[in-house]
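Topology and contacts: notes
If you want the building blocks of each chain, they are given just below.
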Amino acid sequence: MLTSEFAWALQERGFNYTDARGLDAKQHMAIAIICQPMGRKGLMTRLKEAGITQRQYNTWMKNPIFASIVKRATEDIIENAQPLAHEALIKALEKGDMKAVEYFNQMSGRYNPSREAQLDIQSVLVQVIEIIQRNVKDPVALQNIAAEMQLMAAGQKLSITGEVLNGNDYVPARLTQA
């Protein structure tokens, strides 16, 4: 008696039904149709099957109770599909699919292409700092450049360590991940 189908059947027979949360039978039936797991039909097709328009659906989604039920139902679908995703990944790995291998290595933390690019950037920045230190003779300009590099590095969550100017000697700075 608590199912959306029962509520819908009551409403179809002329009984006005709303649950304790304020949702009517049509909304319950719409949720059951909209939130079908593994459905290949698009949302518009499912809305049509539920007998509601896109405008009605959008209005209902502004209702926090309706929206939370739809959200919970769709999140359950995603959570329940996790084993299927793992199985598909394993099958792709068994076939030698290199994209699957790359994804698996990223997922497991063995490979991170953005980290590789970041290391390359760090190497280039260290070289730029060393070039500046060798060629800029004005201590004030050198200190200003160092201060700006520190600000830039802080924005990128990097750290420049070492002294840029030590008396008249230039000491190479080091760039590390902060």
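As shown above, the structure is provided for reference.
To keep things clear, this report deals only with the structure shown in the data block. Position numbers for residues start from 1 in each chain and track the written sequence from start to end. Restriction of local features to residues with pLDDT of at least 70 applies here, the model being predicted, together with a cutoff of 80 or more for giving and counting side-chain atom pairs; totals for whole chains, interfaces and linings are based on all residues. By convention in this description, side-chain values take in all heavy atoms of the structure and omit both hydrogens and water.

Regarding the pattern of salt bridges
Just to be clear on terms, a salt bridge is a Lys or Arg side-chain nitrogen sitting within 4 Å of an Asp or Glu carboxyl oxygen. Applying the stated rule across the entire model yields 3 salt bridges. Here Glu49 ties to Lys41 by a salt bridge, and the two come within 2.6 Å at their closest N and O atoms. Note on classification: 1.4 Å probe, protein chains only; a residue is buried when its accessible area is under 20% of the maximum for its type, exposed when over 50%, partly exposed between these limits. For Lys41, a relative accessible area of 42% gives the class partly exposed. Here Glu75 ties to Lys71 by a salt bridge, and the two come within 3.9 Å at their closest N and O atoms. You can see Glu75 and its partner Lys71 sitting in helix H5 (residues 64–94), 4 residues apart, about one turn around the helix. Runs of H or I in DSSP of at least four residues are treated as helices and runs of E of at least two as strands, each being numbered from the N terminus.

Observations regarding helix H3 (residues 43–50)
Of all the residues in H3, the buried ones are Arg46, Leu47 and Ala50. Each buried residue of H3 lies within a common arc of 100 degrees when the element is viewed along its axis, so the set occupies one face. Exposed residues on H3 whose side chains face more than 90 degrees from its buried face are Met44 and Lys48. Whether two residues touch is decided by their heavy atoms; if any such pair falls within 4.5 Å, the residues are in contact. The secondary structure elements touched by the buried residues of H3 are helix H2 (25–34) and helix H4 (54–61). The arc refers to the directions leading from the helix axis to the C-beta atoms.

Interpretation in functional terms is not warranted from these geometric data alone.
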